[in-house]
Each structure stands twice: as structure tokens, then as C-alpha cells.
Amino acid sequence: MAAVYSPNPGTYAVVRMDPVAMVQNSDDQDAVAAASAMKPKRYLVYIQSDLELPFPHRPWYCYRVWPIAPFVRPRDEAAGVTSDMCTPIFPNMYHPTRRAPLRTEPPFPFDNCYHWSGTSLAVRVRAR
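Residues numbered from 1 in each chain as written. Predicted model: local features only at pLDDT ≥ 70, side-chain atom pairs only at ≥ 80, totals over all residues. Heavy atoms only, no water.

Residues Phe90 and Pro91 are joined by a peptide bond in cis, for which omega reads 25°. As for its position among the elements, Pro91 is in the loop between strand S4 (86-88) and strand S5 (114-116). Residue Pro106 is bonded to the preceding Glu105 through a cis peptide linkage, with omega at 5°. Non-glycine residue Asp27 carries a positive phi angle of around 60°. By secondary structure assignment, the location of Asp27 is in the loop between helix H1 (19-23) and helix H2 (29-37). The residue Arg98 is not glycine, and still its phi comes out positive at about 65°. Here Arg98 is to be found in the loop between S4 and S5. Among the residues examined, Arg98 registers a relative accessible area of 78% and is labelled exposed. (Helix = DSSP H or I, 4+ residues; strand = E, 2+ residues; numbered from the N terminus. Buried < 20%, exposed > 50% of the residue type's maximum accessible area, 1.4 Å probe, protein only.)

In C-alpha cells form, the structure reads like this:
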């Protein structure tokens, strides 16, 4: 079996921001002080794709991810968002229009999660 040195697209992961590392090379002491005061949380994401090839010697890996939400998407009329613009992740069965849930292998460990439409973002993950 080959060594795994970076997360694979098509998997779920937990990410946490490191605000100090994000600004420590900026020469902006106010930004460093503000970042030091932050208390980052952990976020569940789905890794959709690599944004660059993940070579083992690189200090960072870049991905396109989709945040996973613990509730149905809130309606936002100004942005054209409706509460049905999400997909439940099984064992969650609730959807406003009864959309079938996405089934994962292995089974998803939480019963209240959703993929929201149109919320992908690019992230850099530091290698360990």
C-alpha cells in the first residue's frame, strides 16, 4: 500500500485555521495581534479536488472544498438562495422538498449534515 501524505479528493476532513501562521510573514503587527487573539474552530469539509499536484516535499497542499453544514441552508432572497439548495448526507433524511440523501462509504458518522449548493472555496493545507 502506498504512503498517504496528503488528503485525497472525494473524502471528508476536519480543517482548522491557523490565523497566526496566515499573517506571521506580513510585517503587520496589528494583524498578528488580532490573529493571536482568535480562537479557531474546527470545520467539517468535503474535499472535491486538488488545485495543484500534491507532491510529498511541498509544505502546502491546495484543494477545492465544500463546507459541510449542520442545518438546512438558510433562505437569502437577496442572493437568490432558497432553503432547498442543499443535499442531506445520510443518515440525515430531512430535506424541504424530500431530496434523497447522499450516501457515503463508510457511513457518515453524523445525522444532521448537509452539502450546500454554491459554497465551495479554495484552501491551503499545511503538510505535517
